[in-house]
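# Structure at a glance
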Amino acid sequence: HLVHDPWRPAPSTGGHLSPNPGKAERSSIDLRSDVATFTTPSLKESLRLEGIPTLKLTVKGDQQGFDLCVACSIINKAQTKVEQLSTGFLRIMGPEAMQATQRTIHFQPMLATLKKGERLRISIAGAAWPAIGVNPGHSEKPCGPSGFHCFVINISCDLTTSIFQVLPLLPD
């Protein structure tokens, strides 16, 4: 479960929409209580990732709107740095936001090589402010800065059916 608090939304860094785009060090963001992280064990051999990262996740909110702001990162062998490589975003609005449904988040294309001993991490948050306007949890007001009209949103994820894959850039 994630709790998105519009008065202290998870910040954006790097990625394709941020004021400071590209690769970024995101250790401090991943330590926040409103960010869920999923990290692989240390790689036993090098791994090349080339394509469009995609996350399928069964998720629902307790309001009629929520966002999924997702990052894919490499954790160095010493586990002292979390380098964000690619980001993805999905906005869900309307009554269907309250139904547990498998949703697909497409990230920006990437090319990266993870070295032996490094780890891959997926981070999920309900915001990426200021790159993406804060979702108020309903459609009566537009997404943007936090305000009195914004609701706290509880986001529930069913991880048993989740799938992370990297789709090819060009179809075969």
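Residues numbered from 1 in each chain as written. Predicted model: local features only at pLDDT ≥ 70, side-chain atom pairs only at ≥ 80, totals over all residues. Heavy atoms only, no water.

## Structural notes on the pairing of strand E8 (residues 110–114)
Judged by which residues are buried, E8 turns out to be one-sided: Met 110, Ala 112 and Leu 114 face inward and are buried, whereas Leu 111 and Thr 113, on the alternate face, are not. In this sheet, E8 lies alongside strand E4 (residues 47–61) in antiparallel orientation, the contact comprising five bridges. The residue of E8 that forms the bridge with Arg 48 is Thr 113. (Buried < 20%, exposed > 50% of the residue type's maximum accessible area, 1.4 Å probe, protein only. Helix = DSSP H or I, 4+ residues; strand = E, 2+ residues; numbered from the N terminus. Pairing = 2+ DSSP bridges.)

## What about empty space enclosed by the protein?
Scanning the model with the defined rule gives two cavities of 30 Å³ or more in all. The space that makes up the largest cavity amounts to roughly 220 Å³. Ser 12, Cys 69, Val 70, Thr 87 and Ala 128 are the residues nearest the centre of the largest cavity, which is lined by 25 residues in total. Considering each element in turn, the lining of the largest cavity owes the most residues, four residues, to strand E6 (residues 82–93). Considering only residue class, the lining of the largest cavity consists of 14 nonpolar, ten polar and one charged. The volume enclosed by the second largest cavity comes to roughly 40 Å³. In terms of lining, the second largest cavity is formed by Leu 2, Val 3, His 4, Ala 10, Asp 34, Ala 125, Gly 126, Ala 127 and Ile 155. In terms of residue class, the lining of the second largest cavity is built from six nonpolar, two polar and one charged. (1 Å grid on protein atoms, 1.4 Å probe; cavity = no way out; pocket = protein on both sides within 12 Å on 5 of 7 lines; lining within 4 Å. Points joined across faces, edges and corners; volume = space filled by probe spheres on them. Nonpolar A, V, L, I, M, F, W, Y, C, P; charged D, E, K, R; others polar.)

## Side note on the pattern of salt bridges
Under the counting rule described, the total for this entry stands at six salt bridges. Taking the shortest distance from any N to any O, the salt bridge between Lys 23 and Glu 83 comes out at 3.9 Å. With Lys 23 in the loop between strand E1 (2–4) and strand E2 (24–25) and Glu 83 in strand E6, the pair connects residues that are 60 residues apart, well separated along the chain. Of the charged contacts, one joins Arg 32 and Asp 34 as a salt bridge, the two residues approaching to 2.8 Å between their closest N and O atoms. Several salt bridges converge on common partners, so that one network encompasses Arg 26, Asp 30 and Arg 121. (Salt bridge = Lys/Arg side-chain N within 4 Å of Asp/Glu carboxyl O.)

## What to know about the packing of aromatic side chains
Across all of its chains, the model carries one aromatic pair by this definition. Between the aromatic rings of Phe 107 and Phe 164, the centroid separation amounts to 6.0 Å while the plane-to-plane angle is 80°, which identifies the pairing as edge-to-face. Placement of Phe 107 in the loop between strand E7 (101–106) and E8 and of Phe 164 in strand E10 (residues 153–167) is noted, with a sequence separation of 57 residues between them. (Phe/Tyr/Trp six-rings, centres within 6.5 Å; stacked < 30°, edge-to-face > 60°.)

## A few points about the layout of surface pockets
Roughly 190 Å³ of volume is contained in the largest pocket. Around the largest pocket sit 14 residues that line it, and Lys 23, Ile 74, Glu 83, Leu 85 and Thr 113 are the ones nearest its centre. Contributions of two or more residues to the lining of the largest pocket are made by E6 and E8. In terms of residues, the lining of the largest pocket owes the most to one element, E8, which gives four residues.

## Thoughts on the nonpolar core
Residues Leu 55, Phe 66, Leu 68, Val 70, Ile 124 and Ile 155 are the most contacted members of the largest nonpolar core, which totals 24 residues. Of all the secondary-structure elements, those providing two or more residues to this core are E4, strand E5 (65–75), E6, E8, strand E9 (119–125) and E10. By residue number, the principal contributor to this core is E5, which donates five residues. Each residue touching Leu 68, except ones within four places of it in the same chain, is listed here: Val 59, Gly 88, Phe 89, Leu 90, Ile 92, Ile 105, Ile 124, Ala 125 and Ile 155. (Core = buried A, V, L, I, M, F, W, Y, C linked by side-chain atoms within 4.5 Å. Contact = heavy atoms within 4.5 Å.)

## Structural notes on the environment of Ala 131
The residue Ala 131 is located in the loop between E9 and E10 in this model. By relative accessible area, Ala 131 is classed as partly exposed at 24%. Beyond its immediate stretch of four places on either side in the chain, Ala 131 contacts Ser 12, Leu 17 and Ser 18.

## Let's talk about the side chain of Gln 84
Relative to the elements of secondary structure, Gln 84 occurs in strand E6. Separated by 2.5 Å, the side chains of Gln 84 and Arg 26 make a polar contact. Sequence-distant contacts of Gln 84, that is, excluding residues within four places in its chain, are made with Thr 13, Gly 14, Gly 15, Lys 23, Ala 24, Arg 26, Ala 71, Cys 72 and Ser 73. (Polar contact = N/O pair within 3.5 Å; in protein donor to acceptor, adjacent residues only side chain to side chain.)

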